[in-house]
Amino acid sequence: MIEKMIEEAFEGNYTAFSELFKQELGKRIHEKLEEKKNSVINQAYNVCEGCEVEEDEEDLEDGLEEVDEVDEALDPVGKEDSDVDNDGDSDSSDKYLKRRRKAIGKAMKKEGAPVSKKTKSGGGY
């Protein structure tokens, strides 16, 4: 392909040269991206010849317990309370968040951004 590109350039066929150049460049970029993608995947999954991925069951169980704790702390869908930041109490930080969300909703409405039902009421993020 490179020989053909050089030939086209010497003959003054710059359009043909340009097309061949784009094809070759696209092919090489694609190859390099595939190599990089495979390298990243192998590193991310710790895949190598003779390697075995070891998972500690206790660590997995601890992670699941943490997720369960977060699920319990959040309000059920559609049932909001006055504890906006979900820190366990309703205080000045919750009032601040409510006012801030309301102000953002007003600014979005003023700029003509699409407004959902929740932003109309000034909350629900």
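Notes on the structure follow. (Residues numbered from 1 in each chain as written. Predicted model: local features only at pLDDT ≥ 70, side-chain atom pairs only at ≥ 80, totals over all residues. Heavy atoms only, no water.)

1. With respect to the packing of aromatic side chains
With the rule as written, the count across this model stands at one aromatic pair. On the numbers, 6.1 Å between centres and 25 degrees between planes, the contact of Phe17 with Phe21 is stacked. Pair noted here: Phe17 and Phe21 are both in helix α2 (residues 14–44), with a separation of four residues, about one helical turn. Classification of Phe21 by relative accessible area gives partly exposed; the value is 42%. (Phe/Tyr/Trp six-rings, centres within 6.5 Å; stacked < 30°, edge-to-face > 60°. Helix = DSSP H or I, 4+ residues; strand = E, 2+ residues; numbered from the N terminus. Buried < 20%, exposed > 50% of the residue type's maximum accessible area, 1.4 Å probe, protein only.)

2. Some details on the environment of Glu19
Considering the arrangement of structural elements, one finds Glu19 in helix α2. Taking the C-alpha atoms as reference, Glu19 lies 9.0 Å from Met5; in sequence the two are 14 residues apart.

3. Describing the side chain of Glu8
For Glu8, the location among the structural elements is in helix α1 (residues 2–11). Ignoring any residue separated from it by four or fewer positions in sequence, one finds Glu8 in contact with Asn13, Ala16, Phe17 and Leu20. (Contact = heavy atoms within 4.5 Å.)

4. Topic: the packing of α1 against α2
Direction vectors running N to C along α1 and α2 enclose 155 degrees, while the axes themselves pass 8 Å from each other. The pairing of α1 with α2 is recorded here as roughly antiparallel in orientation. Our pair here, α1 against α2, has a crossing hand that is left-handed. Facing α1, whose interface residues are Ile2, Lys4, Met5, Glu8 and Ala9, α2 presents Tyr14, Ala16, Phe17, Leu20, Phe21, Glu24 and Arg28. Looking at the contact of α1 with α2 residue by residue, the classes come out as eight nonpolar, no polar and four charged. (Axes fitted to C-alpha atoms, helices over the stretch in contact; angles between N-to-C directions. Parallel < 35°, antiparallel > 145°, perpendicular 65-115°, else oblique. Left-handed = near helix turned anticlockwise from the far one by under 90°. Nonpolar A, V, L, I, M, F, W, Y, C, P; charged D, E, K, R; others polar.)

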